Amino acid sequence: MFSLIHVPINIPAYSLSSNTEVDMNVELVAHGYSNLLSGFFGGLQNYMAYTQSVLYHKSGGTGKVSGIVVAIVTVLLFVFGPTITSYIPRCMAGALLLHVGIDLFLEGVYDSYSKFDYMEYGSVLSIII
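Residues numbered from 1 in each chain as written. Predicted model: local features only at pLDDT ≥ 70, side-chain atom pairs only at ≥ 80, totals over all residues. Heavy atoms only, no water.

## A word on the side chain of S15
- By the element assignment, S15 lies in helix α1 (residues 2–18).
- Those residues in contact with S15, other than ones at most four positions away along the chain, are T20, E21 and V22. (Helix = DSSP H or I, 4+ residues; strand = E, 2+ residues; numbered from the N terminus. Contact = heavy atoms within 4.5 Å.)

See below:
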């Protein structure tokens, strides 16, 4: 069920976070085709990871070249990741997760205060409680 509603929720949220215009029809059609192809080849359904997308955007990722670089790094980490992760302290992963979580919380709660009226902001506060 969550797979059905994550695109209409995450795409507009990412659009607000990155200050870009998004055509939901194009996004939904692309999402449908990617899920169709994935299912045809026996893969899992696709899911937009909002936090990773925001992190990618805030670190300066734009265009096709950086997307290809991310794909190559992902494949390399898939192959060599277990060996590499033994050298990375666990606290670094926790620190990155904490940093992204605090940044998204501030963006969703503190920065959005002036964007919503009182009733809408009340729903934002009720979600976090």
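## A look at the nonpolar core
- Residues V7, I11, Y14, M48, Y50, V54, V100 and L104 constitute the largest nonpolar core, which totals 8 residues.
- When residues of this core are assigned to their parent elements, the largest contribution, 3 residues, is made by α1.
- When neighbours within four sequence positions are excluded, V54 is seen to be in contact with Y14, S17 and L104. (Core = buried A, V, L, I, M, F, W, Y, C linked by side-chain atoms within 4.5 Å. Buried < 20%, exposed > 50% of the residue type's maximum accessible area, 1.4 Å probe, protein only.)

## Side note on the confidence of the model for the protein
- Across the protein, the average pLDDT comes to 81, with 97% of residues at 70 or higher.
- Confidence scores differ between elements of the protein, with α1 showing the lowest mean pLDDT of 76 and helix α2 (residues 24–40) the highest of 86. (pLDDT = per-residue confidence, 0-100.)

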